[in-house]
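Next come the chains, spelled out residue by residue.
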Amino acid sequence: MATSTRRRRRHTAKEWLYKDFESVLELPERLAKYLRLLLHISTQEWDFTLDKLRQNAAYREWAEPKGPGRGMRRFAAPCDELKAVQRKILDRFLSTIPVHFSRHGNQRGCSVKTNAQHHAGNKRVFSIDIVNAFPSVYRSRIRANLRKPFKFALKQFSGQIFEAEEIKQILESLVDLVCLHDRLPQGPPTSPRLLDIVCSKMDQDLWKILSENSTPLQEYRITIWCDDLTISFNEEIPEELQKKILATMKKNGFSPHTRKDKTKYFTPKTGTVPVVTGIVLAPDGRITLAPSKQNQFRARINRLLIAIKTEPTKKAYGEIAGIIGYLRHVYSGTLPSKVRAIVEKAETELKTIKFNELAEELGKKSRTRKKTIAVPETPATEEKPRRRSRKKKDDTQDSIPF
């Protein structure tokens, strides 16, 4: 009896081939015209952007370590031409798509302060962070979430009938301009808004769970800052509800962190003070910064003030102004004693620098103005004798003697 020999197949890992910018480069000019009109993109800007895409110079990619033993965080910064187009996509199209009201990040009128103030007064806080939130959003999810609002946006071209295949081509081209390697990159100006749009279904599910477990006298509060979720309650948050929240996030395609420093439950029993997006919630309802954070800001401002004495740079001045602006924003009234003196010193320094720059700029303008005003040259002519001005004679000289 012949024995059949089985051949073992070797499973070799196939290399994943990305087709970046394929749709937008093959988009017909007749359809590209409508996309430019919708986004207010000029033909020159469009052509320059396509040239960068053909040259594989659209993004500059790099990675930075998250910390010891925590892996790498990858970034992708778009070139100037593509970044300008992405800003117009954000302003003209993505900003018109509504997101869940619990989102405080990347929203006008919202900040880390409003995100933390929403939980002031509650004693229990459940904080969750999403693992690799941006790269976990695939191109297919972006396309699915943009399909319906994009079809509605095309209705502005009244009288123009688009076939289903044409709508698909334009939409794929739009997705090409905001994706990299079939994922949502971390770096472009459109990525935070797209993450908020994609998370709308998860936000609705979480709100439904919390509203069902709330009572008429006490309601759960939820705020979301990009990939940081914060849920607070005045009483104990049951462990079953915590597991249900984490399961809902996994069901919607996101992985919550399992590390203790990323997924925390603050309660008076543990003796830890709740921290929401870097802001401490005091037991009396006030919001403040941790003493260690205040020390970091004070030391950083002091180092920058010493550095600008030897080598003044705009980057250093901008960093000082940013730290002061953040502190003034968090503490709308009087600053804490740890940072008050150094902030006042830095503000005086910035005012002096601003006054000197203004005076120098005015001086340059006056010098250039003198150069531009040309004095007309008079032709060389022979000097004529000046006429003597006739003076009135005295009455004594004009009088006739008798």
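Our structure is the block above this text.
Residues numbered from 1 in each chain as written. Predicted model: local features only at pLDDT ≥ 70, side-chain atom pairs only at ≥ 80, totals over all residues. Heavy atoms only, no water.

Asker: Would you mind going over the layout of surface pockets in detail, with residue names and values included?
Answerer: By volume, the largest pocket is sized at about 1100 Å³. When residues of the lining of the largest pocket are traced back to their parent elements, those giving at least two are strand S1 (59–65), strand S2 (72–78), strand S3 (124–129), strand S5 (228–233), strand S6 (264–266) and strand S7 (275–276). The dominant element in the lining of the largest pocket, judged by the number of residues it contributes, is S2, at 5 residues. Roughly 220 Å³ of volume is contained in the second largest pocket. Contributing to the lining of the second largest pocket are Leu90, Asp91, Ser95, Asn106, Arg108, Pro189, Pro192 and Arg193. Mapped by element, the contributors of at least two residues to the lining of the second largest pocket are helix H4 (80–92) and helix H8 (191–198). For the lining of the second largest pocket, the residue count by class is 3 nonpolar, 2 polar and 3 charged. (1 Å grid on protein atoms, 1.4 Å probe; cavity = no way out; pocket = protein on both sides within 12 Å on 5 of 7 lines; lining within 4 Å. Points joined across faces, edges and corners; volume = space filled by probe spheres on them. Helix = DSSP H or I, 4+ residues; strand = E, 2+ residues; numbered from the N terminus. Nonpolar A, V, L, I, M, F, W, Y, C, P; charged D, E, K, R; others polar.)

Asker: Can you tell me about the environment of Glu172, naming the residues and giving the values?
Answerer: By secondary structure assignment, the location of Glu172 is in helix H7 (residues 164–176). Note on Glu172: relative accessible area 13%, which makes it buried. Once the C-alpha coordinates of Glu172 and Glu22 are considered, the two residues, 150 residues apart in sequence, prove to be 9.1 Å apart. Ignoring anything within four residues of it in the chain, the contact list for Glu172 reads Ser23, Arg139 and Arg143. Among the polar contacts made by the side chain of Glu172, one reaches the side chain of Arg139 at a distance of 2.9 Å. (Buried < 20%, exposed > 50% of the residue type's maximum accessible area, 1.4 Å probe, protein only. Contact = heavy atoms within 4.5 Å. Polar contact = N/O pair within 3.5 Å; in protein donor to acceptor, adjacent residues only side chain to side chain.)

Asker: Which residues make up the environment of Arg147, and what values go with them?
Answerer: If you trace the backbone, Arg147 turns up in helix H6 (residues 139–154). On the basis of relative accessibility, which here comes to 37%, the residue Arg147 falls in the partly exposed class. Considering only alpha carbons, one finds Arg147 and Ile167, 20 residues apart in sequence, at a separation of 9.0 Å.

Asker: Now, about the pairing of S3: what can you tell me, with residues and values included?
Answerer: Across the 6 residues that make up S3, a large majority, 6, are buried. Neither face of S3 is left uncovered, since the one carrying Arg124, Phe126 and Ile128 and the one carrying Val125, Ser127 and Asp129 both have all their residues buried. Here S3 runs beside S5; their pairing, made up of 6 bridges, is antiparallel. Each bridged residue has a counterpart across the sheet, and for Asp129 the counterpart in S5 is Asp228. (Pairing = 2+ DSSP bridges.)

Asker: Summarise the sheet that holds strand S8 (residues 279–281); cite the residues concerned and give the values.
Answerer: Pairing is antiparallel across the open sheet formed by 3 strands, whose spatial order is S7-S8-S9. Looking along the sheet, the strands with just one partner apiece sit at the ends: S7 and strand S9 (287–288). Inspection of the sheet shows S8 paired to S9 by 2 bridges, in the antiparallel sense. Along S9, the bridge assignment pairs Leu281 with Ile287.

Asker: Residues and numbers for H7, please.
Answerer: Here H7 spans 18 Å end to end across 13 residues, near enough to the 18 Å set by a 1.5 Å rise per residue. Every buried residue of H7 is listed here: Glu166, Ile167, Ile170, Leu171, Glu172, Ser173, Leu174, Val175 and Asp176. In this structure, the buried residues of H7 make contact with helix H1 (22–25), helix H2 (29–39), H4 and H6. (Expected span 1.5 Å × (residues − 1).)

Asker: An account of the sheet that holds strand S4 (residues 221–225) is requested, with residue identities and associated values reported.
Answerer: Taken together, 4 strands build an open sheet; the order of strands is S4-S5-S3-S6 and the sheet is antiparallel. In this open sheet, the two strands that pair with only one neighbour each are S4 and S6. Neighbouring strand axes in the sheet, compared pairwise and without regard to direction, differ in orientation by 15° on average. The sheet contact formed by S4 and S5 spans 5 bridges and is antiparallel. Pairing of Ile222 across the sheet is with Ile231, part of S5. Sheet strands touched by helix H9 (residues 200–213): S4 and S5. Its angle to S4, the strand with the most contacts, is close to 160°. Docked against the sheet, helix H10 (residues 239–251) engages S3, S5 and S6, running at close to 25° with respect to S3. (Axes fitted to C-alpha atoms, helices over the stretch in contact; angles between N-to-C directions.)

Asker: Lay out unusual backbone geometry with the relevant residues and their values.
Answerer: Unusually for a residue other than glycine, Phe21 sits at a positive phi of about 65°. With respect to the helices and strands, the residue Phe21 is situated in the segment before H1.

Asker: Account for the packing of helix H3 (residues 43–54) against H4, naming residues and giving values.
Answerer: At a minimum axis distance of 8 Å, the contact between H3 and H4 shows a crossing angle of 125°. One way to sum up the angle between H3 and H4 is to call them oblique. Here H3 runs over H4; the crossing is left-handed. When H3 is examined against H4, the residues Glu45, Phe48, Thr49 and Lys52 are found in contact with a partner set consisting of Glu81, Leu82, Val85 and Lys88. (Parallel < 35°, antiparallel > 145°, perpendicular 65-115°, else oblique. Left-handed = near helix turned anticlockwise from the far one by under 90°.)

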